[in-house]
Amino acid sequence: MKKLIGLLTSGGDSPGLNAAIRGIGKAVLGRYGMEVIGFRDGFRGLMENRAQALDSSSFSGILTVGGTILGTSRDKPYAMPVGGKMMDMTDVIIDNYRKHHLDVLVCLGGGGTQKNAYHLMQQGLNVITLPKTIDNDVVLTDATFGFDTALGIATEAIDRLHSTAHSHHRVIILELMGHKAGWLALGAGIAGGADVILIPEIPYAVDKVAEAILGRSRSGHGFSIVAIAEGALSKETATAAGDSKKADKKKKERKQAPPADGESDDISTGHSLRLAQQLEALTGLESRVTILGYLQRGGIPSAGDRLLATRLGTACANFINQDRYGIMVAARGDGVEAVPLEQVVGKRKTVPLDHGWIETARSVNTCLGD
Ligand code: F6P
């Protein structure tokens, strides 16, 4: 009996998704003679049974294409908006998996996708995941595909902002994605030579940032570039957030509520604008904001992401051939590793404070806001 593989992409789109789909598809079809179907728009498509047959022509010409040919959504099997209500659609998903007689469901996504796939694994389905996200925040893999492309785009943005900042003697704040991790802002900030880099892992003091900018002015540099991660927090906000988390926890304990399903996914917006106003007041320099947004996720994947996605995709086919399920296909050095999903879920890889990139940034006199 030929094995039948179900494929879906879930969470935010990311460069390299199609390269990974192609890697899996070409290897399972060409190397192992298996069959593949895709489900549209992540777990929602699996729930609504929107399946799409995939053959060798489906995997041609997609290596360099951004986005995902399967479409995506952020819907979770156990909390899906249906008819205006949040519903647990796990049973419907299991039914559809069984109706198609799938041997395995391959889920390509970030932290949330790992968790959703693990949930289905606990219900008895065979699942394998691949780590995809521009945030690079999935644990137990050296890298996630999408990150390298986003890093290149963010670095180019810093390069381009330099001319305006320099010509107009301005402070330009560039807000970058990354969710609650600082990999993207820190990496691009170093690569682009940002003067200040603010990341969620290091709460910043506005006066320290202003001091660094004024120091540059005094030494003849009348402009500064600030790379700020969307999840970065000022010291005051971090303390207030910590206090309110503690209060929430106490409230929940009093009510004996069930444990929260992971952390809140909210990222506060608008803090870059507030920071610009504060810096303008403290330095007397015109301060402007650029929010790079979805440009970081769009378009052609970098060579590095194509290579990583193809390595992980083809390795995924090998694991399927060996009936190894319940795993995430992780990058480790030049090779790959099968990491049990239970070791991945509910965790986030943030930048360790002793990470080499932090030391590197400090060594070139970059202000990290502390
Ligand atoms: O996780 C990838 C990511 O691009 C984050 O960097 C960002 O916080 C989030 O997705 C944006 O999500 P959405 O696509 O729902 O706006």
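Just so it is clear, the model here is predicted, and its values are computed rather than measured.

Draft legend 1. Here's a closer look at the sheet that holds strand S11 (residues 224-229). Taken together, the 4 strands give an open sheet; going across it, the order is S10-S11-S9-S12, and neighbouring strands pair in parallel fashion. Two strands close off the open sheet at either side, each with one partner strand: strand S10 (196-198) and strand S12 (287-291). Each neighbouring strand pair of the sheet contributes to a mean axis angle of 20°, computed without reference to strand direction. Contacts from helix H6 (residues 183-192) reach strand S9 (171-176), S10 and S11 within the one sheet, and its direction differs from that of S10 by about 170°. Against the sheet, helix H9 (residues 271-283) engages S9, S10, S11 and S12, with an angle of about 160° to S9.

Draft legend 2. Spotlight on unusual backbone geometry. The phi angle at His101 is positive, at roughly 55°, despite the residue not being glycine. Along the polypeptide, His101 turns up in the loop between helix H3 (90-99) and strand S6 (104-109). The class of His101 is exposed, set by a relative accessible area of 62%. Located in the positive-phi region is His179, a residue other than glycine, with phi close to 55°. Of the residues examined, His179 reaches a relative accessible area of 15% and is grouped as buried.

Draft legend 3. A look at the site of the ligand. Every residue close to the ligand is listed here: Arg74, Thr133, Ile134, Asp135, Met177, Gly178, His179, Glu230, Tyr294 and Arg297. Contacts to the ligand include Gly178, whose backbone N or O atom sits 3.2 Å from an oxygen atom. Between an oxygen atom of the ligand and a side-chain N or O atom of Arg297, the distance comes to 2.7 Å. Partitioning the shell around the ligand into residue classes produces 3 nonpolar, 3 polar and 4 charged. Mapping the shell around the ligand onto the domain boundaries places at least three of its residues in each of domain 1 (4-145 + 301-333) and domain 2 (150-233 + 268-297 + 353-363).

The rules behind the values
- Residues numbered from 1 in each chain as written.
- Predicted model: local features only at pLDDT ≥ 70, side-chain atom pairs only at ≥ 80, totals over all residues.
- Heavy atoms only, no water.
- Pairing = 2+ DSSP bridges.
- Helix = DSSP H or I, 4+ residues; strand = E, 2+ residues; numbered from the N terminus.
- Axes fitted to C-alpha atoms, helices over the stretch in contact; angles between N-to-C directions.
- Contact = heavy atoms within 4.5 Å.
- Buried < 20%, exposed > 50% of the residue type's maximum accessible area, 1.4 Å probe, protein only.
- Near = heavy atom within 4 Å.
- Polar contact = N/O pair within 3.5 Å; in protein donor to acceptor, adjacent residues only side chain to side chain.
- Nonpolar A, V, L, I, M, F, W, Y, C, P; charged D, E, K, R; others polar.
- Domains from an automatic or database assignment.

Geometric values such as these leave the question of function open.
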